[in-house]
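Observations on chain architecture
Each chain, written out:
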Amino acid sequence: ELVSCRPSSIRDDECATEAIVTLGLRLWRRPLVVEEIQELVELAGGAAETLTDFYSGLEFALARLIQSPHFLFRAELGEEGESANEQRRFNDYELASRLSYFVWNSCPDQILLEAAATGALSTEIGLIEQTERLLSSPKAREGIGGFFEDYLNLWKLKKVRKDSNSFENYSGDLPQDAGQETLRLLEFLTFDEQSDFREMMTTQASFINPLLATIYRVPAPDPDGFAYVEFSEDNQRSGVLTQASFLSMHAHAIHSSATLRGKAVRTVLLCQDIPIPPVSVDTSIPEPSPEQQTLRERVAQHLTDPTCAGCHKLTDPIGLGLENFDAIGSWRTLDHGAEIDPRGELDGVEFNNPQALGSAIANHPKFSLCFLQKLASYAIGRTLSDGELIWLETLHERLEYHQHRALPMIKELINSPLFRGAGQPQ
């Protein structure tokens, strides 16, 4: 299936060359140079003579291609510009791989490799054309889904475990299903609605299955799988902040955690740092008592103790706004018999329920910038350097023009020097 020619003998270097050139281009994502082709043809021919079979010999060349660092790693070296002051840029084949792995989370297809061969990706029109083609493919939904999984750390759901004795609706399928809900919603907002990406914090729409419907205490929209649903105002569900993925991932096995949830808002959604507590500090929270029933009452000590307050004032007032959700994301109004107070404050903006907290995050000046920063880091495969942050500011200035929609910002990013430019070789 991989060889287009028919060998005329046990050792047919011409047919082997044709196969190796074709396979090498797809596997190494660039054309093989003459010396590489000759080495592989000799390997295939020698093995074919020893094994008395053309295809068995070619298998060794294929194994060599697959085991090579050129297959296992993506080389991004770039080329010198025409002038000394011009920034180094990736060549067309490097750019083809960077584009494909960003948008499709997979290797370039034949059309993209052909565009690289003609030099089309070196032109703005050619790069835009291929970007549009890749984004219009169904593969883009899965590929950009890879970014959203990375952006919200959804891979951590694999480690989520809850006490089944404490939660009658808990199932071992919850972490996987909860992650699917979040990814389906973000795909819907990005590709189907092409809406403002900040709606991920405020929308009352989602995609749930019977298990999640049970946890959310709503009728299942489809008895057999995931389906679209719109939550009512009194359900208090709005955006990823109130989904089981976020709520269960940032909680303990039995109890909720204002600190973990507040920290996630700061670090994941606003790209802010929270200092690591000193080793000698006691981070435990008092057990419930008649005097301290709710979590708000029990964490009050952390907010007044000078040793703890520096960090906890950054996290707990946020996380307490989500206290109406237990450790798996079910709604509750009481904590150990006492009424929960969800009021809180985020950098000067007060809120009185989870929906208002979601709006406060969506409108926070750091939220959009953080989203773009993580999108850019995902696209280029590393943390942005200080010198590259200027391009991030440029992209940020384009948000209003594009109405905060993700797809146009992805296109802007791809066509920017941040994506196309290469640093000095290391």
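Let's talk about the overall build of the chain
Tallying secondary structure elements over the chain gives 20 helices and six strands in all. The dimensions of the chain, computed from C-alpha atoms along their principal axes, are 90 × 50 × 45 Å. Counting every position in the chain, which comprises 426 residues, the buried fraction comes to 49%. Intrachain contacts of the chain at a sequence separation of at least 6 include 65% that bridge at least 24 residues. Computed over 37 positive and 63 negative side-chain charges, the separation of the two mean positions in the chain equals 2 Å.

Digging into the side chain of Thr190
For Thr190, the location among the structural elements is in helix 9 (residues 174-192). Within polar-contact distance, the side chain of Thr190 engages the backbone oxygen of Leu186 at 2.7 Å. Sequence-distant contacts of Thr190, defined by excluding residues within four places in its chain, comprise Phe148, Ala406 and Leu407.

Here's the deal with helix 8 (residues 139-151)
Compared with an ideal rise of 1.5 Å per residue, which puts 13 residues at 18 Å, helix 8 spans 19 Å between its outermost C-alpha atoms and is within 8% of the ideal. Along helix 8, the residues classified as buried are Ala140, Gly143, Ile144, Gly145, Gly146, Phe147, Phe148 and Tyr151. Among the structural elements, helix 5 (92-103), helix 7 (124-136), helix 9, helix 12 (258-269), helix 17 (365-380) and helix 19 (406-414) are those in contact with the buried residues of helix 8. Downstream of helix 8 by one or two residues, Asn153 has phi in the positive range, about 60 degrees.

Notes on the packing of helix 5 against helix 7
At a minimum axis separation of 10 Å, helix 5 and helix 7 run at an interaxial angle of 30 degrees. Compared by their axis directions, helix 5 and helix 7 come out roughly parallel. When you trace helix 5 past helix 7, the crossing you get is right-handed. For the pair helix 5 and helix 7, contact is made by Leu95, Leu99, Ser100 and Val103 and by Leu127, Gln130, Thr131, Leu134 and Leu135, respectively. The class makeup of the residues in the contact of helix 5 with helix 7 is six nonpolar, three polar and no charged.

Concerning the state of the cysteines
In the structure shown here, the tally under the stated rule is two disulfides. Each disulfide pairs two cysteine sulfurs, and for Cys5 the partner residue is Cys15, the sulfurs being separated by 1.9 Å. Residues Cys5 and Cys15 are joined by a disulfide whose S-S torsion is about 95 degrees; by sign, that bridge is right-handed. Note that Cys5 is positioned in the segment before helix 1 (13-28) and Cys15 in helix 1, a separation of 10 residues in sequence.

Considerations on unusual backbone geometry
The backbone phi angle of Arg29 is positive, close to 60 degrees, even though this residue is not glycine. Among the secondary structure elements, Arg29 is positioned in the loop between helix 1 and helix 2 (34-51). With a relative accessible area of 5%, Arg29 lands in the buried category. With a phi close to 55 degrees, His336 is a non-glycine residue in the positive phi region. Examined against the element boundaries, His336 turns out to sit in the loop between strand 3 (334-335) and strand 4 (338-339). Judged by relative accessible area, His336 falls into the partly exposed class, the value being 44%.

Here's the deal with the pairing of strand 1 (residues 205-208)
On strand 1, burial covers both faces: Ala205 and Phe207 on one face and Ser206 and Ile208 on the other are all buried. Of the strand pairs in this sheet, strand 1 and strand 2 (residues 227-230) are connected by four bridges, and their pairing is antiparallel. Paired with Ala205 across the strands is Glu230, a residue of strand 2.

Quick notes on the packing of aromatic side chains
All told, the structure shown has 15 aromatic pairs when counted by the stated rule. Centre to centre, the rings of Phe197 and Phe367 are 6.4 Å apart; their planes meet at 45 degrees, and the pair counts as tilted. A residue pair is termed long-range when its members are at least 10 positions apart, and Phe197 in the loop between helix 9 and strand 1 and Phe367 in helix 17 qualify at 170 residues. A network of ring pairs unites the aromatic residues Phe102, Phe147, Phe148, Tyr151, Phe197, Phe367, Phe371, Tyr378 and Phe419 as a single cluster. The residue whose ring lies beneath Arg98 is Phe419, and the NZ or CZ to ring-centre distance is 5.4 Å. If you follow Lys139 out to its NZ or CZ, it ends over the ring of Trp104, 4.3 Å from the centre.

Looking at the layout of surface pockets
The gaps of empty space that remain are located by a probe, the size of a water molecule, rolled over the atoms. Space inside the second largest pocket adds up to approximately 440 Å³. If you go around the second largest pocket, you meet 20 residues; those closest to its centre are Glu149, Gln176, Gly179, Gln180 and Leu183. Only helix 8 and helix 9 provide two or more residues apiece to the lining of the second largest pocket. Considering each element in turn, the lining of the second largest pocket owes the most residues, seven residues, to helix 9. Here the lining of the second largest pocket is built from residues that sort into six nonpolar, seven polar and seven charged.

Side note on a nonpolar patch on the surface
Side chains of Leu43, Leu51 and Phe60 sit close together on the surface and give an oily, nonpolar patch of about 250 Å² of accessible area. Relative to the helices and strands, Phe60 is located in helix 3 (residues 54-67).

As for the packing of helix 8 against helix 17
Put simply, helix 8 and helix 17 touch, their axes get as near as 10 Å, and they point 120 degrees apart. It follows from the interaxial angle that helix 8 and helix 17 lie oblique. Seen along the crossing, helix 8 lies across helix 17 with a hand that is right-handed. Listed contacts from helix 17 to Gly143, Gly146, Phe147, Phe148, Asp150 and Tyr151 of helix 8 are Phe367, Phe371, Lys374, Leu375 and Tyr378. Of the residues in the contact of helix 8 with helix 17, the class split is seven nonpolar, two polar and two charged.

The rules behind the values
- Residues numbered from 1 in each chain as written.
- Predicted model: local features only at pLDDT ≥ 70, side-chain atom pairs only at ≥ 80, totals over all residues.
- Heavy atoms only, no water.
- Helix = DSSP H or I, 4+ residues; strand = E, 2+ residues; numbered from the N terminus.
- Buried < 20%, exposed > 50% of the residue type's maximum accessible area, 1.4 Å probe, protein only.
- Contact = heavy atoms within 4.5 Å.
- Lys, Arg positive; Asp, Glu negative; His and termini not counted.
- Charge placed at Lys NZ, Arg CZ, Asp CG, Glu CD.
- Polar contact = N/O pair within 3.5 Å; in protein donor to acceptor, adjacent residues only side chain to side chain.
- Expected span 1.5 Å × (residues − 1).
- Axes fitted to C-alpha atoms, helices over the stretch in contact; angles between N-to-C directions.
- Parallel < 35°, antiparallel > 145°, perpendicular 65-115°, else oblique.
- Left-handed = near helix turned anticlockwise from the far one by under 90°.
- Nonpolar A, V, L, I, M, F, W, Y, C, P; charged D, E, K, R; others polar.
- Disulfide = S-S within 2.5 Å.
- Pairing = 2+ DSSP bridges.
- Phe/Tyr/Trp six-rings, centres within 6.5 Å; stacked < 30°, edge-to-face > 60°.
- Lys NZ or Arg CZ within 6 Å of the ring centre and 35° of its normal.
- 1 Å grid on protein atoms, 1.4 Å probe; cavity = no way out; pocket = protein on both sides within 12 Å on 5 of 7 lines; lining within 4 Å.
- Points joined across faces, edges and corners; volume = space filled by probe spheres on them.
- Patch = residues over 30% accessible without salt bridge, like charges linked within 9 Å, V, L, I, M, F, W, Y side chains within 5 Å.
- Areas by Shrake-Rupley, 256 points an atom, 1.4 Å probe, with all protein chains shown as cover.
- Salt bridge = Lys/Arg side-chain N within 4 Å of Asp/Glu carboxyl O.

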